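Close look at the chain arrangement
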Amino acid sequence: MTTPFAPRVFSGMQPTGNLHLGNYLGAMVNWIAMQSTHQCIYCVVDLHAITVAQDPVALRRAIIEVTAAYLACGLDPKQSIIFNQSQVAEHAELAWIFNCVARLGWLNRMTQFKEKAGKDRENVAVGLYAYPVLMAADILVYKATHVPVGDDQKQHLELSRDIAQKFNMDFAGSIASHGFGEVFFPLPEPMITGPATRVMSLRDGTKKMSKSDVSDYSRINLTDSPEAIAQKIRKAKTDPEPLPSEEKGLAGRAEAENLVGIYAALTGADVSSVLGEFGGGQFSRFKTALADAAVARLSPISADMRRWLDDEGAVEAVLAEGSARARAIAAPVMREVRDIVGLLRSR
Ligand code: TYM
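How each quantity is defined
- Residues numbered from 1 in each chain as written.
- Predicted model: local features only at pLDDT ≥ 70, side-chain atom pairs only at ≥ 80, totals over all residues.
- Heavy atoms only, no water.
- UniProt positions renumbered as here; feature names shortened; annotations may be inferred.
- Near = heavy atom within 4 Å.
- Polar contact = N/O pair within 3.5 Å; in protein donor to acceptor, adjacent residues only side chain to side chain.
- Areas by Shrake-Rupley, 256 points an atom, 1.4 Å probe, with all protein chains shown as cover.
- Helix = DSSP H or I, 4+ residues; strand = E, 2+ residues; numbered from the N terminus.
- Nonpolar A, V, L, I, M, F, W, Y, C, P; charged D, E, K, R; others polar.
- Axes fitted to C-alpha atoms, helices over the stretch in contact; angles between N-to-C directions.
- Parallel < 35°, antiparallel > 145°, perpendicular 65-115°, else oblique.
- Contact = heavy atoms within 4.5 Å.
- Salt bridge = Lys/Arg side-chain N within 4 Å of Asp/Glu carboxyl O.
- Buried < 20%, exposed > 50% of the residue type's maximum accessible area, 1.4 Å probe, protein only.

In the annotation of an unreviewed UniProt entry, the entry for the chain reads Tryptophan--tRNA ligase, and the organism field reads Candidatus Raskinella chloraquaticus. Per its UniProt entry, the chain bears the Subunit (unreviewed entry) comment "Homodimer." Looking at the chain in UniProt, the text filed under Subcellular location (unreviewed entry) is "Cytoplasm".

Listed below in structure tokens is the structure:
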């Protein structure tokens, strides 16, 4: 069946502290590239951030900082819609409807909830459990068709597809009788592509690089100084063997594989040519080259971010304008959802 939906991209990042190299290589580089081929909507997902306790002052700051990072990385508010989730109430409204569509059994399978809730499951916020339902609403309130993310979001996006499909089936009669065609929501496609869909911690190559890791040495933040970047890479965990000359030699060497993958992603080279250049040599020479590549890529971004942060009003203006544009798409979709479900519209 050909899809009746115009291609549209949606994705988001949480404003919980600084963005790091995993966010950048796993998602942001694809976001930037897609701007020239698609209509793109990029969101700062502040309602997701509050699923765990946040200090209000720090949250407000983080929303501004993550937006500044978006802009400094190369998202263009003239080309794409850039906004924060809480300014478009339709996200939360559709999430409630989807809470009544999604099944408990589906959410019980979410591995990220199990990891985040840990042993204290009885004590975490209901919002943390319903987190992926809000993600589905984020995407579908724009009828977005493509969602560029890192590998860790794959299961959540499968759930978004399940929710879209169940809504389309549960309300098939009403969708047709309102003249909305055969299917109301598209099944959004995850776009998990590129050389670094899963960047790992610099301290433990079996754990993903994450904002919530207690050790700042586990990650490279977009705001790190050149000295901090070089030091973190120097201290990055490795093993005693020299780098292999061929890709198969990386098997079972999680830290080496991760660092080589990061270098390849930063320089645009493929892994085999990186190993061709550095294979057989000591990590120290490779780490110096890696630090240089990371600094070359990230320094202009942190400098531009500082420029944006000198003018917070300009950042807020981008969010206000983006929110108005986002609302203009989301509001009519939500009105149709109310019709389909059988809720009265306000006159
Ligand atoms: P968040 O804020 O954890 O991460 C933002 C993006 O960065 C990717 N990412 C990584 N990629 C590679 N390696 C890593 N170590 C790494 N860490 C993070 C994530 O996959 C993500 O693409 N739930 C989402 C935000 C969200 C969203 C959405 C995304 C809310 N609604 C709707 C897409 C569509 C999240 O917490 O991302």
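Next up on the list: the site of the ligand. Near the ligand there are 27 residues, and of these Tyr131, Asp138, Gly150, Asp152 and Val199 occur at the shortest range. A distance of 2.8 Å is found between an oxygen atom of the ligand and a backbone nitrogen or oxygen belonging to Gly150. When the ligand sits alone it has 710 Å² of accessible area, and the protein chains cover 96% of it. Among the elements of the structure, strand E1 (8–13), helix H1 (21–34) and helix H7 (126–140) are those that each provide at least two residues to the shell around the ligand. Looking at side-chain class alone, the shell around the ligand contains 12 nonpolar, 11 polar and 4 charged residues.

Packing of H1 against helix H13 (residues 283–309) leaves a shortest axis separation of 13 Å and a crossing angle of 90°. When the interaxial angle is binned, H1 and H13 end up roughly perpendicular. Seen from H1, the contacting residues are Leu21, Tyr24 and Val29; seen from H13, they are Arg297, Leu298 and Ile301. Taken together, the residues that form the contact of H1 with H13 break down as 5 nonpolar, no polar and 1 charged.

For the structure shown, the criterion picks out 17 salt bridges. Taking the shortest distance from any N to any O, the salt bridge between Glu189 and Arg161 comes out at 3.8 Å. Here Arg161 lies in helix H8 (residues 154–170) and Glu189 lies in strand E5 (residues 189–191), a separation of 28 residues in the sequence. Owing to a relative accessible area of 25%, Arg161 belongs among the partly exposed residues under this scheme. Residue Arg307 pairs with Asp304 through a salt bridge whose shortest N-O separation is 3.0 Å. On the criterion of helical spacing, the pair formed by Arg307 and Asp304 is a turn pair, its members being 3 residues apart in helix H13. If you follow the salt bridges from partner to partner, you end up with Arg60, Arg61, Glu65, Glu312 and Glu316 in one network.

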